[in-house]
Amino acid sequence: PDSINLVQFAINSEGSSFNAEHLRSVYPRPFYKEVSKWAKEYNVSEYIMYALIRSESFFRPKVASHAGAMGLAQLMPKTAREIAKSLKIKNYDILDCDDNIHFGTYYLSNMIKRFDGKIMPGMCAYNAGPTAVSRWLKNNTIEKEDIFVEGIPYDETRNYGKKLLSTACMYASLYYNKTSRQVIEEIYRDIGK
């Protein structure tokens with residue numbers, strides 16, 4: 001995290017010049033083996049998982065939020081217990097990188113499935129919970145999925161959705177040879193329809 005902050009500060013400094021290698025320092029891919037394995041297992045794009053983990057924990061495995069969320073993917077202990085029960089896993093450690101990424105990817109995948117494969121509502125449910133997102137979708141008078149995030153009444157979740165989108169675009173461009181347009185079309189299925 002400190003290295004990322006230092007390079008990001010340098011990039012943002014007036015008169016600085018930077019290239020893709022500098023950006024890879026700001027958007028690194030630690031825990032690649034774990035992210036790759038669980039992203040493939042649960043059919044979630046690696047760059048979306050990297051965006052989520054970077055946004056949730058800034059790659060600090062032992063971090064805990066003021067609300068009690070823990071680890072890389074910032075899981076609440078109760079959520080981790082429910083996931084372990086669903087997966088029939090008796091022994092796990094919420095602060096273990098592999099377990100945390102496994103459970104976080106599983107949970108995001110379930111949130112996306114819960115919202116008919118729509119990734120942005122699934123990502124927002126990861127942050128605010130599925131009940132809130134269901135309520136927002138029900139009350140949403142805007143038909144276009146890509147504008148959904150703008151109507152979210154929680155500032156934190158609205159900003160979270162935007163942050164994950166922009167971070168996923170950076171990862172997709174730097175490591176997966178995808179354009180921002182391709183990522184946006186993946187996250188917002190109805191764009192351009």
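Refer to the structure printed above.
Bear in mind the structure is a predicted one, so any value in this text is a computation, not a measurement.

Engineer: When you look at the environment of Ala64 in this model, what are you seeing that I'm missing?
Structural biologist: Relative to the helices and strands, Ala64 resides in the loop between helix H4 (46-57) and helix H5 (77-87). C-alpha separation for the pair Ala64 and Leu95, spaced 31 residues apart in sequence, amounts to 9.4 Å. Dropping the residues within four chain positions of it, Ala64 is found in contact with Ala69, Met70 and Gln74.

Engineer: Got a minute to help me understand the packing of aromatic side chains in this structure?
Structural biologist: The geometry of an aromatic ring pair is captured by the separation of the ring centres together with the interplanar angle, meaning the angle of the planes. Summed over all chains, the structure comprises eleven aromatic pairs. Residues Tyr50 and Tyr171 carry aromatic rings whose centres are separated by 5.4 Å and whose planes lie at 20° to one another, so their mutual orientation is stacked. Here Tyr50, found in helix H4, pairs with Tyr171, found in helix H9 (residues 155-175); they are 121 residues apart in sequence, far enough to count as distant. The same class applies to Tyr50 as to Tyr171, namely buried.

Engineer: Please explain the pattern of salt bridges as it appears in this structure.
Structural biologist: For side chains bearing opposite charge, pairing can occur when the charged atoms are close. Tallying each qualifying case throughout the model produces six salt bridges. When the shortest N-O distance is used, the salt bridge between Lys78 and Glu82 registers 3.9 Å. With Lys78 and Glu82 both in helix H5, this residue pair falls four residues apart, about one helical turn. The class of Lys78 is exposed, set by a relative accessible area of 53%. With a relative accessible area of 44%, Glu82 lands in the partly exposed category. Notably, a salt bridge pairs Arg181 with Glu185, separated by 2.9 Å at the nearest N-O pair. Of this pair, Arg181 and Glu185 are both found in helix H10 (residues 180-187), four residues apart, which corresponds to roughly one turn of the helix. Take Arg181: its relative accessible area is 47%, and that puts it in the partly exposed class.

Engineer: So what exactly am I meant to see when it comes to the packing of H9 against H10 here?
Structural biologist: It is the contact of H9 with H10, at a shortest axis distance of 9 Å, that shows an interaxial angle of 130°. Classified by the angle between their axes, H9 and H10 sit oblique to one another. Pair H9 / H10 crosses with right-handed handedness. Along its contact with H9, which presents Leu165, Ala168, Cys169 and Ala172, the element H10 presents Ser180, Val183, Ile184 and Ile187. Tallied by class, the residues present in the contact of H9 with H10 amount to seven nonpolar, one polar and no charged.

Rules used in this analysis
Within any chain, residue numbers begin from 1 and follow the written order of that chain's sequence. Whole-chain, interface and lining totals are the exception, using all residues; otherwise, since this is a predicted model, local features are given only for residues with pLDDT of at least 70 and side-chain atom pairs are given and counted only at 80 or more. No hydrogens and no water enter the side-chain calculation; it runs on all heavy atoms of the structure. In DSSP terms, a helix is any run of H or I states spanning at least four residues, a strand is any run of E spanning at least two, and both are numbered starting from the N terminus. What makes two residues a contact is simply this: any of their non-hydrogen atoms within 4.5 Å. Put simply, two rings from Phe, Tyr or Trp (the six-membered ring, in Trp's case) pair if the centres are within 6.5 Å, and we call them stacked under 30 degrees between planes, edge-to-face over 60, tilted for the rest. The rule is simple: take the accessible area with a 1.4 Å probe, protein chains only, and divide by the maximum for that residue type; under 20% is buried, over 50% is exposed, in between is partly exposed. Criterion for a salt bridge: a side-chain nitrogen of Lys or Arg within 4 Å of a carboxyl oxygen of Asp or Glu. Structural elements are reduced to axes, namely lines fitted to C-alpha atoms, with helices fitted over the stretch in contact, and the angle between N-to-C directions of any two is expressed from 0 to 180 degrees. The scheme is simple: roughly parallel for angles under 35 degrees, roughly antiparallel for over 145, roughly perpendicular for 65 to 115, oblique for anything else. In this scheme the handedness of a crossing depends on how the near helix is turned from the far one: anticlockwise by less than a right angle means left-handed, clockwise means right-handed. Note that Gly is not counted as nonpolar here; it falls among the polar residues with everything else outside the nonpolar set of Ala, Val, Leu, Ile, Met, Phe, Trp, Tyr, Cys and Pro and the charged set of Asp, Glu, Lys and Arg.

By themselves, these figures tell us nothing about what the structure is for.
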